[in-house]
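Geometric and topological summary
Read off the chains here:
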Amino acid sequence: MNLTLKVWRQRNASDKGGFVTYKADGISPDMSFLEMLDVVNEGLVKKGEDPIHFDHDCREGICGMCSLYINGRPHGPKRAITTCQLHMRSFSDGETITIEPWRATAFPVIKDLAVDRSAFDRIQQAGGYISVNTGGVPDANEIPVPKPIADEAFNSATCIQCGACVAACKNASAMLFVSAKISQLALLPQGQPERYRRVQSMVAQMDAEGFGGCTNTGACEIECPKEISMTNINRMRRDYFTAKFFKEEEIR
Amino acid sequence: MSSFTKAFSSTLGKKLIMGLTGLFLSLFLIVHLIGNLQLFKDDAGKAFNEYSYFMTHFLPIKIISYLLYASIVLHAVYALVITIHNKKARPVSYASYNGAANSTWSSRNMGILGTILLIFIVIHMGNFWFKYHWGGLPYTQYEMSLSNPSDVKVTNLPISGEPLIHAEYVNTQTGREVLVAKDLYQVVVFSFSSLWYVVLYVISMIAMGFHLYHGFQSGFQSLGFDHTKYKPAINWLGTWLFGIIIPAAFAAIPIYIYITTLNQ
């Protein structure tokens, strides 16, 4: 396959940046999108040029490191996969592919296609944990959890923090990520003691990072590589409003 | 900041206000439509004028009407605040953007649709609501025979002379029930006899259909209401009742009146 790539190049965070067009010739349809970029980069290195900077790690769709906004969609045109799982057979020969970094105030560009997603870490640090030691292995079924609840909590826990929800959202809202991280604990017995404090501190951190608000377009759940659903966002809203309007937080 | 102020200034709280005001406005549409259906009655506007009087003079409705004006203002102001905030969250837009792949057109254009509706509301209220309250409308006298309800004598009262008031009484001498009412019906018929006005209304109602197609179900989500048992019903109501039936019924009124005035 021969392709034309329009790639966003930006030296560093303060550089203005712009699109550069590259030819990607002799690409196998069985290559992953990242392998295709590896081939292009090899050519650039041979020519003595600066290779295209992009994030990647496990290359099997579980680490959440790879990003890339491909032809107007995060992780490219396919559903429920990351960019490393996207194969070149999803494109046609001779196609022009536009590759951009995630765009959000809270995700500043580090270089080229790599963005700084540490805003997600700071939201997690604001309350996305349980503050007691887990201790030894408990007996099985010591704490009963109904199957649908356990499944739903597990679904929320599959979030890999890739940031596709932010990239897909027209408001650059991080609510799918934040709500998944809140839900995975709010649904389970171990998450209850800090449930209403957690939702308040994580939402406050989310707002402080400069993410947008949710307008229920549903783009995030369509683009999420782990198919995390908008139900999480609504659950977060319920917990947040309950915490703010109905819960007694201090001793009278 | 108090807990409440913090809650309402958060991204979730702002949308809570959007959802609450939006759903309240949606609910009002049902009441408004039921009232407006009186315009289809061939009674020289008697039922419609009675309804107009009731809506402006019955105390509980008056109180709700102030809530309604406040909702329109809040909904518009918060929309602006939220839009500015959301634009700031993505200062550099994508060179290639394929929004149609993951979201509905309505959901991405609520601001534009809402702006059309706001302009429409200003024109609409200026033409009917303002005129009814302060526009010096003419009065019309309806005389209904007590023995034969279909026997109604309609007299347009002159504007000049003493200021008139709304009155309902029974004239024992003529044996007729008399209603003297501000004739908003005449204003409605006059407005909808011009084609550009009808076009404006129909376009606005199409915009309202698209706005509510996303807005109705989105409003429930903004309140955190999302349940597998009720969501299909909410989506159905949002699509069929608020997205299609109500806007279509509203749009039918100017079209119907325009066609009837053509024949006169």
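Bear in mind that the values here come from a model prediction, so they are computed numbers and not experimental data.

Observations regarding a nonpolar patch on the surface
On the surface, a cluster of nonpolar side chains totalling about 500 Å² of accessible area is made up of B:Trp236, B:Leu237, B:Trp240, B:Ile244 and B:Ile245. Structurally, B:Leu237 is set in helix 9 (residues 231–262).

A closer look at the domain arrangement of chain A
Residue and element names in this part refer to chain A. Domains assigned within chain A are domain 1 (3–110) and domain 2 (118–245). Just the C-alpha atoms count here: the centres of domain 1 and domain 2 sit 29 Å apart. Taken together, the 20 residues of domain 1 in the interface contact 20 residues of domain 2. In total, domain 1 and domain 2 occlude about 1500 Å² of area from one another, counting both sides; carbon and sulfur atoms represent 58% of this. The largest contributions to the domain 1 side of the interface with domain 2 come from Ala80, Ala106 and Phe107, which together make up 30% of the buried area. Across the contact surface, domain 1 and domain 2 share 1 salt bridge.

Things to note about the sheet that holds strand 5 (residues 96–100) of chain A
All names here are of chain A. Reading across from one edge, 2-1-5-3-4 is the order of the 5 strands in this open sheet, with mixed pairing throughout. Of all the strands in the sheet, just strand 2 (18–24) and strand 4 (73–74) have a single pairing partner and so form its edges. Relative to strand 2, strand 1 (residues 3–9) runs antiparallel, the two sharing 7 bridges. Paired with Trp8 across the two strands is Phe19, which belongs to strand 2.

Brief notes about the nonpolar core
A:Val166, A:Val178, A:Phe211 and A:Met236 are the most contacted members of the largest nonpolar core, which totals 45 residues. Listed by contribution, the elements that provide at least two residues to this core are helix 2 (118–125), helix 4 (164–168), helix 5 (175–186), helix 6 (195–208) and helix 8 (231–245) of chain A together with helix 2 (11–36) of chain B. Looking at which element gives the most residues to this core, the answer is helix 5 of chain A, with 7 residues. With 35 residues, the next largest nonpolar core counts B:Leu33, B:Ile61, B:Phe242 and B:Ile253 among its residues.

With respect to the pairing of strand 1 (residues 139–145) of chain B
Residue and element names in this part refer to chain B. With 7 of 7 residues buried, strand 1 lies mostly within the body of the structure. Along strand 1, one buried face is formed by Tyr139, Gln141, Glu143 and Ser145 and the opposite face, lined by Thr140, Tyr142 and Met144, is buried too. One ladder, built from 7 bridges, connects strand 1 with strand 4 (residues 176–182); its direction is antiparallel. Paired with Thr140 across the bridge in strand 4 is Ala181. As paired elements, strand 1 and strand 2 (residues 152–156) share 5 bridges and run antiparallel to each other. Residue pairing for strand 2: Tyr142 is matched across the bridge by Val154. Connecting strand 1 to the antiparallel partner strand 2 that follows it, the hairpin turn spans 6 residues.

Quick word on the packing of aromatic side chains
Per the stated rule, a full pass over the model turns up 30 aromatic pairs over all chains. Look at A:Tyr240 and A:Phe241: their rings are 6.0 Å apart centre to centre, the planes differ by 70 degrees, and that puts the pair in the edge-to-face class. There is no split in this pair, since A:Tyr240 and A:Phe241 are both buried. Where B:Phe128 meets B:Phe192, the ring centres are 6.0 Å apart and the plane angle is 70 degrees; that geometry is what we call edge-to-face. Taken together, the residues B:Phe128 in helix 6 (residues 110–134) and B:Phe192 in the loop between helix 7 (184–191) and helix 8 (195–222) connect sequence positions 64 residues apart. Each member of the pair, B:Phe128 together with B:Phe192, is buried. Here the aromatic cluster, defined as three or more aromatic residues joined through ring pairs, consists of A:Tyr240, A:Phe241, A:Phe245, A:Phe246, B:Phe4 and B:Phe8. Sitting above the plane of the A:Phe19 ring, A:Lys6 keeps its charged end 5.1 Å from the centroid. Directly above the aromatic system of B:Tyr132 lies the positively charged group of B:Lys182, at a separation of 5.0 Å from the ring centroid.

What about the interface of chain A and chain B?
Contact residues are listed per partner, giving 45 residues for chain A and 36 residues for chain B. With both chains or domains summed, chain A and chain B bury close to 3300 Å², and 52% of this area falls on carbon and sulfur atoms. Taken together, chain A and chain B are joined by 0 salt bridges. For the pair chain A and chain B, the number of links is 24 residue pairs in polar contact (both at pLDDT 80 or more). For the side of chain A that touches chain B, the elements supplying multiple residues, two or more each, are strand 5, helix 4, helix 6, helix 7 (219–223) and helix 8 of chain A. Here the side of chain A that touches chain B takes 9 residues from helix 8 of chain A, the largest share from any one element. Among the residues forming the side of chain A that touches chain B, the class breakdown is 22 nonpolar, 14 polar and 9 charged.

Some details on the pattern of salt bridges
Tallied over the entire structure, the rule returns 16 salt bridges over all chains. Put simply, B:Glu50 and B:Lys46 hold a salt bridge, and the shortest N to O gap is 3.6 Å. On the criterion of helical spacing, the pair formed by B:Glu50 and B:Lys46 is a turn pair, its members being 4 residues apart in helix 3 (residues 46–57). Residue B:Glu50 is classed as partly exposed on the basis of its relative accessible area, which comes to 29%. Close ionic contact of B:Asp226 with B:Lys231 constitutes a salt bridge, the shortest N to O distance being 3.9 Å. In this structure B:Lys231 comes out as partly exposed when scored by relative accessible area, which is 28%. One network of salt bridges, in which partners are shared, links A:Arg9, A:Asp50, A:Lys111 and A:Asp112.

Observations concerning the packing of helix 2 of chain A against helix 5 of chain A
Angle between the axes and distance between the axes: these two values describe a pair of packed helices. Residues and elements named next belong to chain A. Here helix 2 crosses helix 5 at 30 degrees, and the two axes come no closer than 11 Å. On the basis of the axis angle, helix 2 is roughly parallel to helix 5. The hand of the helix 2/helix 5 crossing is right-handed. Within the contact between the two elements, helix 2 uses Phe120, Ile123 and Gln124 and helix 5 uses Phe177, Val178 and Lys181. A breakdown of the residues in the contact of helix 2 with helix 5 according to their chemical character gives 4 nonpolar, 1 polar and 1 charged.

Cut-offs and rules
Residues numbered from 1 in each chain as written. Chains lettered and ligands numbered in written order. Predicted model: local features only at pLDDT ≥ 70, side-chain atom pairs only at ≥ 80, totals over all residues. Heavy atoms only, no water. Patch = residues over 30% accessible without salt bridge, like charges linked within 9 Å, V, L, I, M, F, W, Y side chains within 5 Å. Areas by Shrake-Rupley, 256 points an atom, 1.4 Å probe, with all protein chains shown as cover. Salt bridge = Lys/Arg side-chain N within 4 Å of Asp/Glu carboxyl O. Helix = DSSP H or I, 4+ residues; strand = E, 2+ residues; numbered from the N terminus. Domains from an automatic or database assignment. Contact = heavy atoms within 4.5 Å. Buried area = accessible area lost by both parts, 1.4 Å probe. Pairing = 2+ DSSP bridges. Core = buried A, V, L, I, M, F, W, Y, C linked by side-chain atoms within 4.5 Å. Buried < 20%, exposed > 50% of the residue type's maximum accessible area, 1.4 Å probe, protein only. Phe/Tyr/Trp six-rings, centres within 6.5 Å; stacked < 30°, edge-to-face > 60°. Lys NZ or Arg CZ within 6 Å of the ring centre and 35° of its normal. Polar contact = N/O pair within 3.5 Å; in protein donor to acceptor, adjacent residues only side chain to side chain. Nonpolar A, V, L, I, M, F, W, Y, C, P; charged D, E, K, R; others polar. Axes fitted to C-alpha atoms, helices over the stretch in contact; angles between N-to-C directions. Parallel < 35°, antiparallel > 145°, perpendicular 65-115°, else oblique. Left-handed = near helix turned anticlockwise from the far one by under 90°.

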